[in-house]
Amino acid sequence: MSDKILYEGKSKIVYQGPDSESYIIRYKDTATAFNGEKKEDLSGKGKLNAAISNLIFEYLMKNGIETHLIKVIDDTSVLVKKTEIIMVEVIVRNVAAGSFSKKYGIAEGTALKNTVVEFSLKSDELGDPMINESQITAIGIAAADELSLLTKLALRTNELLSALFIKTGIKLIDFKLEFGRCDAPGGGKRIILCDEISPDSCRFWDAATNKKLDKDVFRRDLGDVLEGYREVLGRLQNA
Ligand code: UDP
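Residues numbered from 1 in each chain as written. Predicted model: local features only at pLDDT ≥ 70, side-chain atom pairs only at ≥ 80, totals over all residues. Heavy atoms only, no water.

Undergrad: Tell me about the site of the ligand, and name the residues and values.
TA: Taken together, 15 residues surround the ligand, and among them Arg-93, Ser-99, Asp-174, Arg-203 and Arg-219 come closest. Interatomic distance of 2.6 Å between a side-chain N/O atom of Ser-99 and an oxygen atom of the ligand. Asp-174 is positioned such that a nitrogen or oxygen atom in its side chain is 2.6 Å from an oxygen atom of the ligand. Across the complex, the protein chains shield 77% of the 510 Å² of accessible surface that the ligand would expose by itself. Counting only elements with at least two residues in the shell around the ligand, the list comes to β9 (88-95), α2 (98-104), β12 (170-183) and β14 (202-206). Considering only residue class, the shell around the ligand consists of four nonpolar, three polar and eight charged. (Near = heavy atom within 4 Å. Polar contact = N/O pair within 3.5 Å; in protein donor to acceptor, adjacent residues only side chain to side chain. Areas by Shrake-Rupley, 256 points an atom, 1.4 Å probe, with all protein chains shown as cover. Helix = DSSP H or I, 4+ residues; strand = E, 2+ residues; numbered from the N terminus. Nonpolar A, V, L, I, M, F, W, Y, C, P; charged D, E, K, R; others polar.)

In structure tokens, the structure reads:
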């Protein structure tokens, strides 16, 4: 593996890949919350998130969603297509929880009458503030046609993930997606799904008990964090 670190984030390290069109991403064991204020090493988290995210990305790719995943290298590393990350987080919500519940005074667990898609500016410095579509186009983070594609891809991903998770007895409450631009074969740019989909970036509740199987267990000190992650992986492997 090339050991040239291009970027080290809170939960992953990005290395230069074997060629100029790829990166290697390695999942770390570090768990962080509240913009890095709460931080802990949870031995085995990297492996669990890599396994869960790889399984989900492979499922999405089989179902027509293009992603950056080229191949799995080992337990914690993947080879991915190099992209230029679009600096917004796309959040999809099926059930009220987290910041949505807090901001709008809606009890956690309240079903939403329609799926919510919202955007946050990807900026640790500014604490990932929520941003709307006209603000995104105004400051040039993405063009209007790109934003409608992000929304369409996020909603399609939600349909596919909801169908997958229903088979596992897990409720998909909400999740966060990131996208990147890469060169299209015939010139121009195309947009593909990047980053990860794991219990770090989704809310997963057990369908029978509403037990949290995601990073809220870490954020809120609710017990053994990785127990839920192991449960999610086990159920996905048996789905
Ligand atoms: N999320 C994430 N990274 C972020 C912010 C949110 O992965 O920087 C995920 C979070 O795990 C949840 C969903 O996006 O599944 C919605 O998060 P929310 O806006 O409720 O924020 P939070 O309550 O996590 O601060």
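Undergrad: I'd love a proper account of a nonpolar patch on the surface, names of residues and values included.
TA: Together, Tyr-104, Ile-106 and Met-130 make up an exposed nonpolar region whose accessible area comes to about 260 Å². Turning to its location among the elements, Tyr-104 is positioned in helix α2. (Patch = residues over 30% accessible without salt bridge, like charges linked within 9 Å, V, L, I, M, F, W, Y side chains within 5 Å. Salt bridge = Lys/Arg side-chain N within 4 Å of Asp/Glu carboxyl O.)

Undergrad: Quick one: what's the story with the packing of aromatic side chains, residue by residue and with numbers?
TA: In this description, a pair of aromatic rings is defined by centroid distance and the angle of the planes. For the structure on display, the rule yields two aromatic pairs. Between Phe-100 and Tyr-104, the ring centres sit 5.0 Å apart and the planes meet at 65°, which makes this aromatic pair edge-to-face. Here Phe-100 pairs with Tyr-104, and both are found in helix α2, just four residues apart, close to one helical turn. Taking NZ or CZ as reference, Lys-38 lies 4.7 Å from the ring centre of Phe-218, over its face. (Phe/Tyr/Trp six-rings, centres within 6.5 Å; stacked < 30°, edge-to-face > 60°. Lys NZ or Arg CZ within 6 Å of the ring centre and 35° of its normal.)

Undergrad: Before we move on, can you summarise the environment of Leu-155 with the specific residues and values?
TA: The topology assignment puts Leu-155 in helix α4 (residues 144-166). Distance from Leu-155 to Lys-215, taken between C-alpha atoms, is 22 Å for residues 60 residues apart in sequence. In this structure, Leu-155 is in contact with Thr-115 and Val-117, ignoring residues within four places of it in sequence. (Contact = heavy atoms within 4.5 Å.)

Undergrad: Tell me what's going on with the environment of Lys-12, and back it up with residues and numbers.
TA: Position of Lys-12 among the secondary structure elements: in strand β2 (residues 12-16). Overall, the relative accessible area of 11% leaves Lys-12 in the buried class. Each C-alpha atom of the pair Lys-12 and Ser-22 lies 16 Å from the other, and the pair is 10 residues apart in sequence. Discounting chain neighbours no more than four positions away, the residues touching Lys-12 are Tyr-7, Ile-25, Arg-26, Tyr-27, Lys-28, Asp-195 and Glu-196. (Buried < 20%, exposed > 50% of the residue type's maximum accessible area, 1.4 Å probe, protein only.)

Undergrad: Break down unusual backbone geometry for me, citing the residues and quoting the values.
TA: Among all residues save glycine, negative phi is the norm, and among peptide bonds the norm is trans. Despite not being glycine, Asp-128 has its phi angle at roughly 45°, a positive value. Its location among the elements puts Asp-128 in the loop between β10 (111-121) and β11 (130-131). Backbone geometry places Asn-210, a non-glycine residue, at a positive phi of 65°. Within the secondary structure, Asn-210 sits in the loop between β14 and α5 (216-219). Using a relative accessible area of 35% as the deciding quantity, one classes Asn-210 as partly exposed.

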